[in-house]
Amino acid sequence: MANAAKRFEVIPGQPRPQIAFTEVTLQLGGKTIIENLSLGVRAGEFLCVVGASGCGKTTALRLAAGLYQPTSGRVDFDGQLMLHPRREIAIVFQDYGKALLPWRTAAGNVSLALEAGGMPSAERPARIEELLRTVGLPGHAGKYPAEMSGGMQQRLQIARCLAQEPKTLLMDEPFGALDAMTRQGLQDEVLALVAASGATVIFVTHDLDEAIYLGDRVIGLLPHPGRIGIELAVNLPRPRDQLSTREHPEFLRLRRQLFDFIKATEQ
Amino acid sequence: MNRHATIWLWRAASFAVAASFIALWQLIANLKLVSPVFLPGPDRAWASLVRGFSNGDLWSKLAGTLEHMAYGWLAASIAGIAIGAIIGSSRIMRTYVAPSLEFLRPLPVSAIIPVAIAMLGLTQAMALFVIAFGAIWPIMLATIHGFAAVEPRLYEVARSLQMSRLAVIFKVALPSASPDILAGMRLSLTVALILSVVCEILAGLDGLGHWVLLSARAFRSADLFAGVILLGVTGYVTSVAMSMAEHRLLAWQASQR
Ligand SMILES: Nc1ncnc2c1ncn2[C@@H]1O[C@H](COP(=O)(O)OP(=O)(O)OP(=O)(O)O)[C@@H](O)[C@H]1O
Ligand SMILES: [Mg+2]
């Protein structure tokens, strides 16, 4: 009962958050990594998470994925306690090289998610082709991950995640290892994909510009232990544009605010 | 272009070495440096091989040895992969079982043979047991290593896809461990051949081992050498066949380097 009282309150007139962290604390190896984190992410929201290295961004994302269970507090998904990972929540890992099956072709890697979802094998090829086209990899179905560039591998991982038809997409510095040009292209593609699918997104990045460019809301974490230090609503018009959005006065204001926050945490 | 030239040079060189080895052998035999009762020339060994194959004797012996080898190796592969997978996929199993394995592994198979004979007699079953017991180690240890080395990230992908336990084993763990497993199976092939010959000699089972033993006892040195050459060829051919199978099955690895 005590726990129920602490639950994320459903505020009348406002929709219930799709993902709700309620006073979440996580200890690993006797160390408190996340402390007393409360956070609601509504359906269809694009939330960006920034913070200094080692402040617990990845850990928070793994809690949202159900890959970790909180030491205390609770994580709910669609109003249900999250006890294990689920297919409706897809996670795009930063190290795409490790998250793909090297013995399966691009088509085979996408197929893994369809197989797990129980799609009959006759229907898979058409769906695989469609997904590969969506992420900009048409004609690469027969390639092995090792034959693809970093950007292509990350697209492939996104295709596999889309094959899960997720309600929530968790992304952990997905473009961190890619060059600036590839990164900007993929940012716009992700925005388009998300707009088309209506998925909720939690996007971890250490690139402040990227966070503001993509997000509806940006939160900054404080380290040791990880907790929320700043929360900014991003009221920039959509669709976003690489040139005009980044020159928008509001963009520059938010950028300044976030920059000052990060600088303060690093001292 | 350059690479090709080097490969051909190496082939020519190894062919030349083999040819000069046979020539030397012929020379020693012709000069009778060693009594022909013990050392036939390559000409006589070849004649015996041709004779053995044309009257069918060697075919049946070869078939016998291949059969012992194949059954023992297959039994070792199935058991080795199954046991290795169970041990390798659980850290608890690895910590508790690995020390016992380290104790059993260096145990020479020859020490098991008297035990096997005492329990099973001089039978096919004894041969199967001994061959499988000897051949299981490389496969099992390679499988344990392969399963322990599966990228943890892939298990997380499997979890977030809510894949069944069976699907995780067959779609993630086994393929990931397959390079290790196949390498272990190739090593075991040689062990299986050696133990097939040993068991045939000990238990008088039909096969090349028995043929070699009888030829030696009757001082038919040409037949003896024909058997030994055939065993060498068998070892070489099975190992090359296995390498080719590995190459095909692991085609995806070629692109990784
Ligand atoms: N399994 C674990 N056991 C113990 N400590 C851990 C574990 N995983 C992470 N940590 C610690 O928790 C802290 C937060 O780690 P996390 O990976 O979440 O940081 P991050 O914000 O994602 O950092 P980065 O920006 O470098 O990716 C770090 O200090 C890390 O050392
Ligand atoms: Mg991280």
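Note that this is a predicted model, so its numbers are computed, not measured.

(A) Spatial organisation of the sheet that holds strand S4 (residues 72-77) of chain A. Residue and element names in this part refer to chain A. Spatially, four strands are ordered S2-S1-S4-S5 in an open sheet, and the strand pairing comes out antiparallel. Strands at the two margins of the open sheet, each flanked by one partner only, are strand S2 (31-41) and strand S5 (80-81). Here strand S1 (residues 19-28) runs beside S2; their pairing, made up of seven bridges, is antiparallel. Across the sheet, Ile 19 pairs through a bridge with Val 41, a residue of S2. Packed on one face of the sheet, helix H2 (residues 57-65) meets S1, S2 and S4 and runs near 120° to S1.

(B) The domain arrangement of chain B, seen in detail. Residues and elements named next belong to chain B. Splitting chain B by domain gives domain 1 (1-33) and domain 2 (41-254). Relative to domain 2, the C-alpha centre of domain 1 lies at a distance of 30 Å. Each partner contributes to the interface: domain 1 provides four residues, whereas domain 2 provides six residues. Across the domain 1/domain 2 interface, buried area totals approximately 390 Å², and carbon plus sulfur atoms make up 76% of it. Of all residues in domain 1, Trp 25, Gln 26 and Ala 29 bury the most surface against domain 2, accounting for 92% of the area lost on that side. Between domain 1 and domain 2 we count zero salt bridges in total.

(C) Just the site of ligand 1, in detail. Residues and elements named next belong to chain A. Within the structure, ligand 1 sits among Leu 28, Lys 31, Ile 33, Ser 53, Gly 54, Cys 55, Gly 56, Lys 57, Thr 58, Thr 59, Tyr 68 and Glu 173. At 3.2 Å from an oxygen atom of ligand 1 is found a main-chain nitrogen or oxygen belonging to Cys 55. Within the side chain of Thr 59, a nitrogen or oxygen atom sits 2.5 Å from an oxygen atom of ligand 1. Contact with the protein chains removes 62% of the 630 Å² of surface that ligand 1 exposes when unbound.

(D) Up close: helix H4 (residues 106-116) of chain A. Counting buried residues along H4 of chain A, 11 of its 11 residues qualify, which places the element largely inside the surrounding structure. Along H4 of chain A, the residues classified as buried are Ala 106, Ala 107, Gly 108, Asn 109, Val 110, Ser 111, Leu 112, Ala 113, Leu 114, Glu 115 and Ala 116 of chain A. Where H4 of chain A is buried, its residues contact helix H5 (124-134) and helix H6 (150-163) of chain A together with helix H7 (152-160) and helix H8 (165-203) of chain B. Looking one or two residues beyond H4 of chain A, the residue adopting positive phi is Gly 118 of chain A, at roughly 80°.

(E) Representation of the interface of chain B and chain A within the structure. Contact with chain B, which involves 17 residues of that partner, is made by 27 residues of chain A. Summed over both sides, the interface of chain B with chain A buries roughly 2,100 Å², with 63% coming from carbon and sulfur. For the chain B face of the interface with chain A, the top three residues by lost area are Arg 153, Leu 161 and Trp 252 of chain B, together amounting to 28%. There are three salt bridges connecting chain B and chain A. Residue Arg 62 of chain A pairs with Glu 156 of chain B through a salt bridge whose shortest N-O separation is 2.6 Å. Seen at the junction of chain B and chain A, the total is seven residue pairs in polar contact (both at pLDDT 80 or more).

Here is what the cut-offs are and how they apply
Residues numbered from 1 in each chain as written. Chains lettered and ligands numbered in written order. Predicted model: local features only at pLDDT ≥ 70, side-chain atom pairs only at ≥ 80, totals over all residues. Heavy atoms only, no water. Pairing = 2+ DSSP bridges. Helix = DSSP H or I, 4+ residues; strand = E, 2+ residues; numbered from the N terminus. Contact = heavy atoms within 4.5 Å. Axes fitted to C-alpha atoms, helices over the stretch in contact; angles between N-to-C directions. Domains from an automatic or database assignment. Buried area = accessible area lost by both parts, 1.4 Å probe. Salt bridge = Lys/Arg side-chain N within 4 Å of Asp/Glu carboxyl O. Near = heavy atom within 4 Å. Polar contact = N/O pair within 3.5 Å; in protein donor to acceptor, adjacent residues only side chain to side chain. Areas by Shrake-Rupley, 256 points an atom, 1.4 Å probe, with all protein chains shown as cover. Buried < 20%, exposed > 50% of the residue type's maximum accessible area, 1.4 Å probe, protein only.

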